[in-house]
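Structural overview
Chain residues, written in single-letter form:
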Amino acid sequence: MAQVSLSNIAKVYPTGIQAVQPASFDIPDGEFVVLVGPSGCGKSTMLRMIAGLEEISEGTLVIGDRIVNDVDPADRDIAMVFQNYALYPHMTVRKNIGYGLKNRKIPAAVIDEKVKAASAMLNLDDYLDRKPSQLSGGQRQRVAMGRAIVRDPTLFLFDEPLSNLDAKLRNQMRIEIKALQRRLGVTSVYVTHDQVEAMTMADRIIVMNAGRIEQIGTPAEVYNTPATTFVASFMGAPPMNLMEGRFEGGAVRVGDVAVMAVPSGQTGKVTVGIRPEDIVPDANGPLELDIALVEELGAHRLLHGAIGGQQISVHVGKDSPVFTGALRATLKPNVVSLFATGTGHRL
Ligand code: ADP
């Protein structure tokens, strides 16, 4: 049974803006799903509809075995973790974590036990008597997590929970949240604009663009076989190289360079996608590139140049020689993605 099920869920704000086009997907019990896309694509609206913080304009939302369209947020058995933590500044960590339970008239001894368990899990034992102002950003984020955990929800909802943290702490919290979710096995929906967060945390990723779902898949599926040119360029840094090509003489060509054999007889334009790391420098390779610039990135290098008159980037290891000028290269097998020119849909 799906833990969460959306059928044609859509949102039109009173201003007339259609923030979410009708969307359908199921989230099985225990899965970690990440909604990712650029700012304004509708991911927070989608999450807030699941949370009950935003009215659903159209469609049916099921959590567990109940239709919850008209169920109050407090009665949906969910816990939400926000970007701004929303901690009470005048309360200690202990009180912050237990506050929601106290509000629900849970006996003090039970609250105490649950707070202790959460605190141990989150390494907060030494901070229980501090106020939020006496904590680091990462610790505050953990308190917010603690408050969600003690409620034993059937569903965690995360709204960009790491965007206020610096890059190093973000990496660390990413791992902590993912490990915690695995351990607790609670179904989770996580919103971010950061494709790295999506790739590293998700069991499945839902890529959104302009209110629509572009693709749903595992990180590997979304990365290796993007459904659209939008997904190809949004997921991955640097993005997939997208080049104008054409079918000609039994090959897909970029300029005069054949990048892939196809049944002869096919003609017309096509958009060619190749990931930068799938191009390998090779003195005897069939491809000829012209490298204009080398970008040093420490563990690896990015070579920027052109192939058949179209821009291309190549990702190489830090030990490979520095190239500018002509570079021969070969492609790894089965790495070319083809998209319909115009619609951008994968062929
Ligand atoms: P994201 O989370 O992907 O950045 P949002 O879901 O916040 O996107 O917003 C999607 C679209 O809906 C945007 O065009 C935004 O301006 C609009 N929007 C968001 N909230 C409201 C609101 N309360 N009233 C009207 N329009 C809104």
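Please read these numbers as outputs of a predicted model, since none were measured by experiment.

Remarks on the overall build of the protein
For the protein, the helix and strand inventory stands at 8 helices and 20 strands. Once the C-alpha set of the protein is aligned to its principal axes, its extents read approximately 75 × 45 × 35 Å. Counting over 347 residues, the protein shows a buried share of 48%. Intrachain contacts of the protein at a sequence separation of at least 6 include 65% that bridge at least 24 residues. Of the roughly 16,300 Å² that the protein leaves accessible, carbon and sulfur atoms contribute 50%.

Structural notes on the layout of surface pockets
Computed from the structure, the largest pocket encloses a volume of approximately 530 Å³. What lines the largest pocket is a set of 18 residues, among which I78, A79, M80, F82 and R151 lie closest to the centre. Per-class residue counts for the lining of the largest pocket are 13 nonpolar, 2 polar and 3 charged. Taken as a whole, the second largest pocket spans an internal volume of roughly 220 Å³.

Some words on the nonpolar core
With 44 residues, the main nonpolar core has V36, I205, V207 and M235 as its most contacted residues. Apart from residues no more than four positions distant in its own chain, I205 is found in contact with V34, V36, A198, M199, Q215, I216, G217, P219, V222 and M235. Formed by 28 residues, the second largest nonpolar core is a distinct cluster that contains I27, L47, A51 and V68.

Some thoughts on the packing of aromatic side chains
Taken as a whole and assessed by the stated rule, the structure comprises 6 aromatic pairs. A centroid spacing of 6.3 Å and a plane angle of 15 degrees characterise the contact between F32 and F158, whose relative ring orientation is stacked. Residue F32 is found in strand β3 (residues 32-36), and its partner F158 is found in strand β7 (residues 155-159); the two are separated by 126 residues along the sequence. When sorted by exposure, F32 lands in the same class as F158, which is buried. Centre to centre, the rings of F156 and F158 are 5.8 Å apart; their planes meet at 50 degrees, and the pair counts as tilted. The pair F156 / F158 is uniform in exposure class, with both members buried. The rings of F32, F156, F158 and Y190 are connected pair by pair, giving a single aromatic cluster. Above the ring of F32, the side-chain terminus of K178 is found at 5.4 Å from the ring centroid. If you follow R275 out to its NZ or CZ, it ends over the ring of Y223, 3.8 Å from the centre.

Focus on the sheet that holds strand β20 (residues 337-339)
In spatial order, the strands read β13-β12-β11-β14-β20; together these 5 strands make up an open sheet with antiparallel pairing. Here the strands that pair on one side only, and so sit at the sheet edges, are β13 (257-261) and β20. Averaged over all neighbouring strand pairs, the angle between strand axes comes to 40 degrees, with direction disregarded. Strand direction decides the pairing type here: strand β14 (residues 268-274) and β20, joined by 3 bridges, are antiparallel. Considered in β20, the bridge of G273 is made with S337.

As for the environment of N164
Relative to the helices and strands, N164 is located in the loop between β7 and α5 (167-184). Each C-alpha atom of the pair N164 and V222 lies 27 Å from the other, and the pair is 58 residues apart in sequence. If near-sequence neighbours (up to four positions away) are discounted, N164 is found in contact with Q83, N84 and Y85.

Each value, and the rule that gives it
- Residues numbered from 1 in each chain as written.
- Predicted model: local features only at pLDDT ≥ 70, side-chain atom pairs only at ≥ 80, totals over all residues.
- Heavy atoms only, no water.
- Helix = DSSP H or I, 4+ residues; strand = E, 2+ residues; numbered from the N terminus.
- Buried < 20%, exposed > 50% of the residue type's maximum accessible area, 1.4 Å probe, protein only.
- Contact = heavy atoms within 4.5 Å.
- Areas by Shrake-Rupley, 256 points an atom, 1.4 Å probe, with all protein chains shown as cover.
- 1 Å grid on protein atoms, 1.4 Å probe; cavity = no way out; pocket = protein on both sides within 12 Å on 5 of 7 lines; lining within 4 Å.
- Points joined across faces, edges and corners; volume = space filled by probe spheres on them.
- Nonpolar A, V, L, I, M, F, W, Y, C, P; charged D, E, K, R; others polar.
- Core = buried A, V, L, I, M, F, W, Y, C linked by side-chain atoms within 4.5 Å.
- Phe/Tyr/Trp six-rings, centres within 6.5 Å; stacked < 30°, edge-to-face > 60°.
- Lys NZ or Arg CZ within 6 Å of the ring centre and 35° of its normal.
- Pairing = 2+ DSSP bridges.
- Axes fitted to C-alpha atoms, helices over the stretch in contact; angles between N-to-C directions.

Interpretation note: all reported values are geometric properties and have no functional meaning in isolation.
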